[in-house]
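Summary of structural features
Listed below, chain by chain, are the residues.
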Amino acid sequence: MTEPNTSPEERPSRAGAARQRRSARQIAAERQRRSALIKGLSIAAVVLVVAAIAGFVLYQRQQNASTIPEGTLSFTYAGAQHSTDPVTYTENPPVGGVHNPTWQNCAYYPAPVANETAVHSLEHGAIWITYQPDLPQEQIDTLRTLAESQSYILVSPLDGIPTPVVASAWNRQVQLESADDPRLDQFVRSFRLSPEAPEPGAACGGGTSATL
Amino acid sequence: MIDPASLASVPVAPERPRPPPFRRWLPALLALILLAAIAALWATAERAPSDTSLEAGFARDMMVHHDQAVTMALLARDRTDDPLIRTLTTDIVLTQQNQIGQMLGWLNLWGLPATGREPAMAWMGHPTTGRMPGMASPEEIATLEGLAGTAADAEFLRLMIRHHQAGVPMAEAALTGSGNPAVRALARQIVTAQEIEIVAMQNLLAEKDSAGEET
């Protein structure tokens, strides 16, 4: 047999055979279309699932990441230089640079602390929240609660800072009009114990609790 | 009958012969196998805990809890004349600082910040604003700072027993709820060590209190 798809009963005449062949061709074409459809749908299904997984992973990564608050300033101080001499800092409050060998214990302080010891706490991954001494009491209480419910938060008043509340981490700072600005929490989430600090996780206790 | 030779000369079948059914369904089969493989990998892959996971919450909160234990132990160590208290506080400082480092390391590896978006202890069903249970108030820390000798020892023991008593249930919650081997191992170590230390500290405190009554 040279015509595998045509059985003897299906060939009563030449014309009939041609009709049969045409319809056989149509059937074959249909089958080919169906095969192509199966192939196409299979590829589409795989692509869709892979894309969905990739999308989910990216979405979750984005959800996990902290959003650096708008207006965050960046600096480029390298860590670890110690000095017992008073230091004149370029920024107020300072965000890095030479500092005292002793660090400031992370806590709420009702009186100013030494810049040199506070900068050492920044080096250890602390967030130093400074406020203008005339900040309304409710806002001071908000900052105090923050310091007393979290580790690695240092809160103290400081004269001459550019806005009522300024949050600083090593090489990072955000200047805020109020302690209720949501950017404060964003800043804490972004930079508290961040790997950006030269020594994140080094102690923020066992240092000094002295005020000026 | 038609001569087979004449039939062969008719220009037919430019289409390929019909493939057997298994060949036609091969792409679908391959796709199914591939999807099953992807699903299996996805299901068994060790994924980093998410930002709101029990593991992340435990690491963050236990770091804060441990941080105060280290602070109090350092204060007591600087104030004691008792070699037993010196050893105990040295042990607490070094052990708990090491554990803080492990937990901060996890968070870094998981790509998570050390500060969560949810309140403390939300991961264990007890969202807490302000100080977590067992934590000493700033006033209690200030009191400890102002004491010396046996009085400082006793105050430290009182604060530290309470601290551990609240730390153990937190570690137990992680042990019950987490399938992460590293998290479970550390949680188990914390439960075991702190339960033993609570008893040891209660005994030390009883000695300090009776010594205090005698003098």
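Residues numbered from 1 in each chain as written. Chains lettered and ligands numbered in written order. Predicted model: local features only at pLDDT ≥ 70, side-chain atom pairs only at ≥ 80, totals over all residues. Heavy atoms only, no water.

1. Brief notes about a nonpolar patch on the surface
Residues and elements named next belong to chain B.
- A cluster of nonpolar side chains, namely Phe22, Leu26, Leu29, Leu30 and Ile33, defines an oily patch on the protein surface of about 510 Å² accessible area.
- The dominant element in the nonpolar patch, judged by the number of residues it contributes, is helix H3 (residues 26-44), at 4 residues.
- Here Ile33 is to be found in helix H3.
- Ile33 gets classed as exposed once you look at its relative accessible area, which sits at 53%. (Patch = residues over 30% accessible without salt bridge, like charges linked within 9 Å, V, L, I, M, F, W, Y side chains within 5 Å. Areas by Shrake-Rupley, 256 points an atom, 1.4 Å probe, with all protein chains shown as cover. Salt bridge = Lys/Arg side-chain N within 4 Å of Asp/Glu carboxyl O. Helix = DSSP H or I, 4+ residues; strand = E, 2+ residues; numbered from the N terminus. Buried < 20%, exposed > 50% of the residue type's maximum accessible area, 1.4 Å probe, protein only.)

2. A word on the environment of B:Ala200
All names here are of chain B.
- Relative to the helices and strands, Ala200 is located in helix H8 (residues 181-214).
- Judged by its relative accessible area of 35%, Ala200 is partly exposed.
- Spatially, the C-alpha atoms of Ala200 and Ala142 are 25 Å apart, while their sequence positions differ by 58 residues.

3. So, the side chain of B:Arg60
- Assignment of secondary structure puts B:Arg60 in helix H4 (residues 54-79).
- The residues contacting B:Arg60, other than those within four sequence positions of it, are A:Arg189, B:Asp51, B:Leu107, B:Leu112, B:Pro113, B:Ala114, B:Thr115 and B:Gly116. (Contact = heavy atoms within 4.5 Å.)

4. Comments concerning the interface of chain B and chain A
- Facing the 43 residues of chain B at the interface are 42 residues of chain A.
- Here chain B meets chain A over a buried area of about 3800 Å², counting both sides, of which 61% is carbon and sulfur.
- B:Glu139 serves as the salt-bridge partner of A:Arg144, at 3.8 Å between the closest nitrogen and oxygen.
- Between the two partners, chain B and chain A, sit 6 residue pairs in polar contact (both at pLDDT 80 or more).
- Going through the elements one at a time, helix H1 (4-9), H3, H4, helix H5 (83-109) and helix H6 (138-146) of chain B are the ones with two or more residues in the side of chain B that touches chain A.
- Ranked by the residues each element gives to the side of chain B that touches chain A, the list is headed by H3(B), at 7 residues.
- Within the side of chain B that touches chain A, the residues separate by chemical class into 23 nonpolar, 9 polar and 11 charged. (Buried area = accessible area lost by both parts, 1.4 Å probe. Polar contact = N/O pair within 3.5 Å; in protein donor to acceptor, adjacent residues only side chain to side chain. Nonpolar A, V, L, I, M, F, W, Y, C, P; charged D, E, K, R; others polar.)

5. Things to note about the pattern of salt bridges
- What the rule picks out here adds up to 13 salt bridges over all chains.
- Note that A:Glu148 is salt-bridged to A:Arg144, the shortest N-O span being 2.9 Å. In this pair, A:Glu148 and A:Arg144 both sit in helix H3 (residues 137-149), 4 residues apart, roughly one turn of the helix.
- A:Glu148 gets classed as partly exposed once you look at its relative accessible area, which sits at 24%.
- Connected through shared salt-bridge partners, A:Arg189, B:Asp51, B:Arg60 and B:Arg117 make up one network.

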